[in-house]
Number of protein chains: 2
Amino acid sequence: MERTHIAQLFANSQELGGQTVTVAGWVRSIRNMKNFGFVILNDGSCFNDLQVVMNRETLANYDEIASQNTGASLKVTGTLKLTPEAKQPFEIAAESIEVLGKSTPDYPLQKKRATPEFLRTIQHIRPRTNLFRAVFRIRSVAAMAIHEFFQSRGFVYVNTPIITTSDAEGAGEMFRVTTLDMANPPLTEDGAIDWSKDFFGKPASLTVSGQLNAENFAMAFGDVYTFGPTFRAEDSNTKRHAAEFWMIEPEMAFADLEDDMEMAEAMLKYVINTVLEKCPDELNMLNRFVDKGLLERLHHVASSDFARVTYTDAIKILEKAVEDGHKFEYPVKWGIDLQTEHERYLTEQHFGRPTFVTDYPAGIKAFYMRMNEDGKTVAAVDCLVPGIGEIIGGSQREERLDVLEERIDQLGMDKDQYRYYCDLRRYGTVEHAGFGLGFERLVMYLTGVDNIRDVLPHPRTVGHAEF
Amino acid sequence: MERTHIAQLFANSQELGGQTVTVAGWVRSIRNMKNFGFVILNDGSCFNDLQVVMNRETLANYDEIASQNTGASLKVTGTLKLTPEAKQPFEIAAESIEVLGKSTPDYPLQKKRATPEFLRTIQHIRPRTNLFRAVFRIRSVAAMAIHEFFQSRGFVYVNTPIITTSDAEGAGEMFRVTTLDMANPPLTEDGAIDWSKDFFGKPASLTVSGQLNAENFAMAFGDVYTFGPTFRAEDSNTKRHAAEFWMIEPEMAFADLEDDMEMAEAMLKYVINTVLEKCPDELNMLNRFVDKGLLERLHHVASSDFARVTYTDAIKILEKAVEDGHKFEYPVKWGIDLQTEHERYLTEQHFGRPTFVTDYPAGIKAFYMRMNEDGKTVAAVDCLVPGIGEIIGGSQREERLDVLEERIDQLGMDKDQYRYYCDLRRYGTVEHAGFGLGFERLVMYLTGVDNIRDVLPHPRTVGHAEF
């Protein structure tokens, strides 16, 4: 179809003034003043709506158009008129309008504002609302910014596998993947499931992290990153948890925890600056209607040096806060896993900017994190941001074969499952580090949207996998 | 670690001549000539290896270094010496070399060339070979080119869900995703699996396509694309099939089959040109050792206008070929699904360039493809390329509600499952089209590698999900 995108009209309105253009899009509203009327049209190419003016005298099918329902699709040809006095910089004076697809009076998006809960029941239609047009464009722009950031630094993008027969975090809570007939599964002689008959010849699950696979590639390419879906079968119905979410996991050879933090900080700033630059209309709307502190926070983070504190010092800060009368729900003591309330206190109240907390107790972190000299903490880092808490978790990896094997033993893990992982330490081991960024958390942070269900195109949570 | 990437040395060798640099990388080979020697080092930042020259007189730990095994990691400080007479443009005269991580005499990658079959058993090590360093860098560059192509045209990247409760192709052959205890699943009163007890409250599977979800977003943003993993639980052990693979699925509103083909052709050319520009060393190696026709083929495709033929005319061409004595394994007749041998005949022998075949019989294509005026063919298109056959499959979608509903009825499909899909035709339907590109097929095409197991970081196929 020969047409001009509405985004192009906004980008070049000065040059196009007085010219005849053809656009196509969906009706957001129609106002009929009997002899003239306004059609507000959007084609999805940008956040802005286009105002079309129609006149009974010049538009043969004026009544047909005036009677269309919200959501109908139209093709409009008309003259672009600059309107420097008006709120919108230009409008289209319609010469002809064709109905491409009608809508109905019960179109689910009516003028009155719908609740997020209702919109979750019409996920196929909700991308047409202002909120979701803003969220999902920002999501796309942020994804591209992440690719640009890493590719421009020479990182190789690796598609680590989704189906796995190992468990990176040793965490359990994984989804089983199978082709066995579950009502009638093949059994071994002693009555257990005979996994050798399953598609992969053994039990398989959905991955919780691509990190261990990414390390294979970091030992060849130096710097690599993943960006793909990961899964948790956690039965937790919160605003921050989804069963399926996207993760970015860079992995860098010849890098320590300091390099890791520098890369994480540079990446977050790059993404924020890119979204600030490319999505001003979306951010303005979100700042106005969703989170009044959004723009200020993004500008602040983009221009702050992130704070750095060890876990041990962070605990002292929190203990001091308790002494000074601050109430936390969870007790503070060296050895605890920090709760969101603790994280937010540190980044919001104490430091007032994004904060890296480093060197956590080994007991609360994964087996692959590098043991520090003190023998009780590991070279782990979490990045905490105001308003959210933890957004990034990373570590320097244990590159010493003997230390790693001892740790695997200590934790009673299946050594054979980590043979390949240990091989990387057997053949030319190097210090290396990486981190994981939950992409939906980032999008929540970039948009001010506080429910993960509203930043995923079609969220999967306990009891929900519609659409 | 303060170091210079080897890629930077190659990019700026003229400026760096005579300067002292520090690099780190892995030993690809060491030649010890008693009083001097050569270390060939690679850090993964580029395809090229770095030649390090060491001299017994000036290197205190000469014997330690000379005795290192292939695969060891080293940190080297030395002077960059331009060598305009030699094969490589420069070398490093080592002043000091530190062993970061030793390797062993039984390091799996020795000088003799390993078979692809053997390398598949050491997927954690194989990225360090020339073949896989070429393949996986090209994979990464091609992925980025695809994002660039669509983002620069205003497409919104949509992460359609991986876990699904519907079946886009109506094809079966899906992986079940569950958290039920398979040895002891909850049963309903009549002895069937009680899916209401499963994580999502109903049977769930891994997606075979994001298209139907992408259409939801195309009706809001106009132009969108997906790029993510898809799955087939097909029990086929061929060079072209994997259980897990990545797909790119653009979807465009206000677009017909002609627009679809133009976009597909432009995308393929953009990706090929980007890889030709960014990966010359990788392509030269592949052209020399893997597929001697590779570079010629890529240049040819990048500069050809793709041929276009209807399915009906393609059948006539194939029938004529049979008449003229050409032997096909599968019989040719209007109504058949084209086999790879037919596709390759068309694109290689008859047209000698990439070829779009359009307007297939409705009976062999999916329910959502737009019915043509003739009532027996649909607005489908396959893009065939020399050496591979089908690389892209697309169609204009059926945007007419009544025609779509009739087709769903005819095929005896569950109407309720497609209610949302039909809603898109109920509220402002527009003509729209899209296609699917199997990313691994594309990488095979770009590299000349003929087995899908060798273009996936860790391939998942029947009986195989190691690493």
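Residues numbered from 1 in each chain as written. Chains lettered and ligands numbered in written order. Predicted model: local features only at pLDDT ≥ 70, side-chain atom pairs only at ≥ 80, totals over all residues. Heavy atoms only, no water.

Per an unreviewed UniProt entry, chain A carries the name Asparagine--tRNA ligase and comes from Bifidobacterium magnum. Per its UniProt entry, chain A bears the Catalytic activity (unreviewed entry) comment "tRNA(Asn) + L-asparagine + ATP = L-asparaginyl-tRNA(Asn) + AMP + diphosphate + H(+)". (UniProt positions renumbered as here; feature names shortened; annotations may be inferred.)

J.: Honestly, the overall build of chain A in this entry has me stumped. Any pointers?
T.: The number of helices and strands found in chain A is 14 helices and 16 strands. Each principal axis of the C-alpha distribution contributes one length, and for chain A these read about 85 × 60 × 45 Å. Classification of the 467 residues of chain A by burial places 60% in the buried group. Restricting the contact set of chain A to residue pairs at least 6 apart, pairs at least 24 apart contribute 67%. Counting every atom, chain A has about 18,400 Å² of accessible surface; 47% of that belongs to carbon and sulfur. Of note, chain A has its 50 positive side-chain charges centred 7 Å away from the centre of its 69 negative side-chain charges. (Helix = DSSP H or I, 4+ residues; strand = E, 2+ residues; numbered from the N terminus. Buried < 20%, exposed > 50% of the residue type's maximum accessible area, 1.4 Å probe, protein only. Contact = heavy atoms within 4.5 Å. Areas by Shrake-Rupley, 256 points an atom, 1.4 Å probe, with all protein chains shown as cover. Lys, Arg positive; Asp, Glu negative; His and termini not counted. Charge placed at Lys NZ, Arg CZ, Asp CG, Glu CD.)

J.: Hey, could you run me through the packing of aromatic side chains in this one?
T.: Aromatic ring pairs: the centre-centre distance and the angle between the two ring planes describe each pair. According to the stated counting rule, one finds 48 aromatic pairs over all chains in the structure shown. Taken together, a centroid distance of 6.0 Å and an interplanar angle of 80° make the contact between F227(B) and W246(B) edge-to-face. Pair noted here: F227(B) is in strand β10 (residues 223–231) and W246(B) is in strand β11 (residues 244–253), with a separation of 19 residues, a long-range link. Residue classification places W246(B) among the buried positions, given a relative accessible area of 2%. An aromatic cluster of at least three residues, connected via ring pairs, comprises F149(A), F150(A), F155(A), Y157(A), Y225(A) and Y270(A). When the ring centre of F47(A) is taken as origin, the NZ or CZ atom of R133(A), which lies over that ring, is 5.0 Å away. Over the aromatic face of Y360(A) sits the side chain of K365(A), whose NZ or CZ is 4.3 Å from the ring centroid. (Phe/Tyr/Trp six-rings, centres within 6.5 Å; stacked < 30°, edge-to-face > 60°. Lys NZ or Arg CZ within 6 Å of the ring centre and 35° of its normal.)

J.: Help me out: how do you make sense of the relation of the copies chain B and chain A in this one?
T.: Taken together, a rotation about one axis and a shift along it account for how the two chain copies relate. Screw-axis analysis of chain B against chain A gives a translation of 0.0 Å along the axis, an RMSD of 0.0 Å, and a rotation angle of 180°. A rotation of that kind, with that shift, is consistent with a two-fold axis. When C-alpha distances to the rotation axis are compared across chain B, the minimum falls at V177(B), with a value of 2.5 Å. (Least-squares fit on C-alpha atoms with pLDDT ≥ 70 in both.)

J.: What should I look at first to understand unusual backbone geometry in this one?
T.: Peptide bonds are trans in most cases, and residues, glycine excluded, mostly fall at negative phi. Residues and elements named next belong to chain B. Backbone geometry places F254, a non-glycine residue, at a positive phi of 55°. F254 gets classed as buried once you look at its relative accessible area, which sits at 3%. Backbone geometry places D359, a non-glycine residue, at a positive phi of 60°. Along the chain, D359 turns up in strand β13 (residues 355–361).

J.: In this structure, what is going on with the nonpolar core? I would like to understand it.
T.: Buried together is how nonpolar side chains tend to be arranged in soluble globular proteins. Grouped together as the largest cluster of nonpolar side chains are 166 residues, with contacts concentrated most on F150(A), F439(A), F150(B) and F439(B). Excluding its chain neighbours within four sequence positions, the residues that come into contact with F150(B) are F155(B), Y225(B), I248(B), P250(B), M263(B), M267(B) and F435(B). (Core = buried A, V, L, I, M, F, W, Y, C linked by side-chain atoms within 4.5 Å.)

J.: Where do I start with the packing of helix α6 (residues 211–221) of chain B against helix α13 (residues 419–426) of chain B in this structure?
T.: All names here are of chain B. Packing of α6 against α13 brings their axes to within 10 Å, and their N-to-C directions diverge by 30°. By the angle between their directions, the pair α6 and α13 is classed as roughly parallel. As for the relative orientation of α6 and α13, their crossing is left-handed in sense. On α13, the residues touching Q211, L212, E215, N216 and M219 of α6 are Y421, L424 and R425. (Axes fitted to C-alpha atoms, helices over the stretch in contact; angles between N-to-C directions. Parallel < 35°, antiparallel > 145°, perpendicular 65-115°, else oblique. Left-handed = near helix turned anticlockwise from the far one by under 90°.)

J.: Looking at this structure, I do not really get the pairing of β10(B). What am I missing?
T.: Regular strands have side chains that alternate between both faces of the sheet. All names here are of chain B. Of all the nine residues making up β10, nine are buried; the element is thus mostly covered by neighbouring parts of the structure. Examined bridge by bridge, strand β6 (residues 156–157) and β10 share two bridges and lie parallel to one another. In the strand pairing of β10, V156 is matched with V224. Pairing analysis gives nine bridges linking β10 to β11, with the strands arranged antiparallel. Residue Y225 lies in a different strand from β11, and its bridge partner there is P250. (Pairing = 2+ DSSP bridges.)

J.: What is the right way to look at the domain arrangement of chain A in this model?
T.: Often the size quoted for an interface is simply the accessible area lost on bringing the parts together. Residues and elements named next belong to chain A. Under the domain assignment, chain A is made up of domain 1 (6–101) and domain 2 (128–172 + 208–454). On a C-alpha basis, the centroid separation for the pair domain 1 and domain 2 is 46 Å. Contact residues are listed per partner, giving nine residues for domain 1 and nine residues for domain 2. Roughly 700 Å² of surface becomes buried between domain 1 and domain 2 when both sides are summed, with 42% attributable to carbon and sulfur atoms. Linking D49 and R133 is a salt bridge whose minimum nitrogen-to-oxygen distance equals 3.7 Å. Our enumeration of links across domain 1 and domain 2 arrives at seven residue pairs in polar contact (both at pLDDT 80 or more). (Domains from an automatic or database assignment. Buried area = accessible area lost by both parts, 1.4 Å probe. Salt bridge = Lys/Arg side-chain N within 4 Å of Asp/Glu carboxyl O. Polar contact = N/O pair within 3.5 Å; in protein donor to acceptor, adjacent residues only side chain to side chain.)

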